[in-house]
Amino acid sequence: MNECVTQAPDERKEQLRQWAARALQSGHESLRVPPLEATLHLQALSGDAGFRRYFRTDTAPTLIAVDSPPNKTNVNRFVALADYLRRNGIHTPLVIAADVEHGYMLLEDLGDTQLLRNLNPDSVSGLYAEVMNELLCLQQIPRQEGLFPPYNRELLHMEMRLLPEWLIGKLLQRELSEEENQLIEHTFAHLLDSASSQPQVLVHRDYHSRNLMMRDGERPGVVDFQDAVWGPVTYDLASLLRDCYIRWPQEQVENWALAYATTAVDAGVIPEVSPETFLRWFDWIGLQRHFKVLGLFPRLYLRDGKHGYLPDLPLVIRYTLEVCDKYDELQPFARWFRAEIMPLIEQQDWYRDYRTAGERQQADTTVTP
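Counting restarts for each chain: residues are numbered from 1 in the order of the written sequence. Per-residue local features are limited, in this predicted model, to residues with pLDDT of at least 70; the limit for side-chain atom pairs, both in listing and counting, is 80 or more; totals at the level of whole chains, interfaces and linings are taken over all residues. Only hydrogens and water are removed before side-chain values are computed, so all heavy atoms of the structure are retained for them.

J.: Give me the lowdown on the overall build of the protein, citing residues and values where you can.
T.: Within the protein one finds 13 helices and nine strands. Note on method: radius of gyration uses C-alpha positions; expected globular size equals 2.2 Å times residues raised to 0.38. In terms of overall dimensions, the protein is globule-like: its C-alpha atoms have a radius of gyration of 21 Å, near the 21 Å expected for 369 residues. Dimensions along the principal axes, computed over C-alpha positions, put the protein at roughly 65 × 50 × 40 Å. Here's how the labels work: a residue is buried when its accessible area is under 20% of the maximum for its type, exposed when over 50%, partly exposed in between, all with a 1.4 Å probe on protein chains only. Of all 369 residues assigned to the protein, the portion counted as buried reaches 52%. The way it works is that DSSP assigns letters per residue, a run of H or I at least four long becomes a helix, a run of E at least two long becomes a strand, and they are numbered from the N terminus.

J.: An account of the side chain of Gln-288 is needed here, citing residue identities and associated values.
T.: The residue Gln-288 is located in helix α10 (residues 275-302) in this model. By relative accessible area, Gln-288 is classed as buried at 1%. Throughout, a residue-residue contact means that at least one pair of heavy atoms, one from each residue, lies within 4.5 Å. If we ignore the near neighbours within four places in the chain, the residues touching Gln-288 are Tyr-151, Leu-156, Glu-159, Met-160, Leu-191 and Tyr-235.

J.: How would you sum up the pairing of strand β5 (residues 104-108)? Please name residues and give values.
T.: The element β5 is largely enclosed, with a buried count of four among its five residues. In terms of strand pairing, strand β3 (residues 63-67) meets β5 through five bridges, oriented antiparallel. Each bridged residue has a counterpart across the sheet, and for Val-66 the counterpart in β5 is Met-105. Pairing between strands requires that DSSP locate at least two bridges from one strand to the other. In terms of strand pairing, strand β4 (residues 95-99) meets β5 through four bridges, oriented antiparallel. Looking at the pairing, Asp-99 lines up with Tyr-104 of β5. Count of turn residues in the β4/β5 antiparallel hairpin: four residues, of which Gly-103 carries a positive phi of about 85°.

J.: Break down the packing of aromatic side chains for me, with residues and values.
T.: Each pair of aromatic rings is reported with the distance of its centres and the angle of its planes. Working definition: rings of Phe, Tyr and Trp (its six-membered ring) pair if their centres are within 6.5 Å, and the pair is stacked with planes under 30 degrees apart, edge-to-face with planes over 60 apart, and tilted otherwise. If you walk through the whole model with that rule in mind, you get 17 aromatic pairs. Each residue in the set Phe-188, Phe-291, Phe-333, Trp-336 and Phe-337 is aromatic and connected to the rest through ring pairs, giving one cluster. Placement of a charge over a ring requires the Lys NZ or Arg CZ to be within 6 Å of the ring centre, with the centre-to-atom vector within 35 degrees of the ring normal. Sitting above the plane of the Tyr-245 ring, Arg-210 keeps its charged end 3.6 Å from the centroid. A cation over a ring is seen here: Arg-355 above Tyr-354, with NZ or CZ 6.0 Å from the ring centre.

J.: Can you lay out helix α2 (residues 75-87) for me, pointing to particular residues and giving the numbers?
T.: Structurally, the α-helix is built with 3.6 residues per turn, so residues lying three or four positions apart point the same way. For α2, spanning 13 residues, the distance from its first C-alpha to its last is 18 Å, which sits close to the expected 18 Å at 1.5 Å a residue. Within α2 the residues assigned to the buried category are Val-75, Arg-77, Phe-78, Leu-81, Ala-82, Tyr-84 and Leu-85. Structurally, α2 contributes buried residues whose contacts are with β4, β5, α4 (124-139) and β6 (200-203). Note on α2: the residue one or two positions beyond its end, Gly-89, has a positive phi of about 95°. Take the residue count of a helix, subtract one, and multiply by 1.5 Å to get its expected span.

J.: Tell me about the nonpolar core, residues and numbers included.
T.: The set of buried Ala, Val, Leu, Ile, Met, Phe, Trp, Tyr and Cys residues whose side-chain atoms join them within 4.5 Å is what this entry labels a nonpolar core. Formed by 105 residues in total, the largest nonpolar core has its most connected members in Tyr-128, Leu-241 and Phe-337. Here this core takes 13 residues from α10, the largest share from any one element. Contact partners of Phe-337, with chain neighbours within four places excluded, come to Leu-167, Ile-317, Leu-321, Met-342 and Ile-345. Core analysis: the second largest hydrophobic core is formed by 14 residues, Leu-16, Leu-63, Ala-97 and Tyr-104 among them.

J.: Just give me the short version of the sheet that holds β5, but keep the residues and values in it.
T.: The five strands are arranged β1-β2-β3-β5-β4 in an open sheet whose pairing can be described as antiparallel. The strands lining the two open edges of the sheet, one partner per strand, are β1 (42-45) and β4. When the angles between neighbouring strand axes are averaged without regard to direction, this sheet yields 25°. Across four bridges, β1 lies against strand β2 (residues 53-57) in antiparallel orientation. Considered in β2, the bridge of Ala-44 is made with Phe-55. All axes here are fitted lines through C-alpha atoms, helices being fitted over the stretch that makes contact, and every angle between N-to-C directions spans 0 to 180 degrees. Helix-sheet contacts for α2 involve β4 and β5, and the interaxial angle to β5 is about 20°.

J.: Describe the pattern of salt bridges, listing the residues and the values that go with them.
T.: Should a side-chain nitrogen of Lys or Arg be within 4 Å of a carboxyl oxygen of Asp or Glu, the pair is scored as a salt bridge. Following the criterion strictly, the structure yields 28 salt bridges and no others. Arg-215 is the partner of Glu-108 in a salt bridge, and the nearest nitrogen-oxygen pair spans 3.7 Å. Of this pair, Glu-108 sits in strand β5 while Arg-215 sits in the loop between β7 (212-213) and β8 (221-222), and the two are 107 residues apart along the sequence. Taking the relative accessible area as the measure of exposure, Arg-215 reaches 30% and is therefore partly exposed. With a closest N to O distance of 2.7 Å, Asp-325 and Arg-338 form a salt bridge.

Have a look at this one:
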């Protein structure tokens, strides 16, 4: 077993600091670095939903030092993806140095201004136009063999199974009957069929307002791309426009989605498709994502001790039920969820009325988990 597996976090931070200091003194003339290893300081930053930890260095310019435990993350894949996306025009952070064996990286610092912080009713249309243009560039990138696994039925289904396992079974302590499991699986099957019918492109998989970094005069910075796959064309668009952390009116969201569809047709990303078909793709893959999130956020809380995600569940529930209500095939799930699961959810201390969830995030977009 790799030695780093049993190291305490503080030990890994110190080893990361020492490694970063040595890496910086090995020939980066453009950086002003402390002359002695002992003077380099790392400031802890809030992380993502994964196992990595992030620190900002006190160099000039600042860099991001990453502790990416190799028994839980794939540093080689991160480095390869960052390089491939940059070579294809996407502003991912430049990898300054990497120690694959121990799981340490030094990255370009893209700042700390997330798209979420800048979003408001006056700015949103312009900012979304900017990041949707970046998404269009992402979706025109050719597939490199071996770099992007398929976002196939098995993986999509495994993600949705987080809902009955972690939300219903482990967080709410509710056992499902055979009939209820059949209803859930029948609903999942509709979404899997729809996903398979869509054009397949590069999918970032978490293309939303907390993973897009904004700096004046630069293209949006794209982070948290290490789980990229090859899958349904509307997945990242739904991730962006039906963001788990901020909500916009349904009509506005649908107009943005259809405008993107027109642009994607013109760019050759997708063939001509009716607005009804595209919106159905968009709605149903967004629902697949929200089913996953309804299980993922409880798992982050129960398994990983990350407490900041549960208050975002009511907005995800709102999205889920709004989409299910639109389609005859999905309405049985919505009726069951309201009757059997919502009463249990309403007893939770993190719960607020899902029918108005999202309004707080729109008013205060600086909240982080």
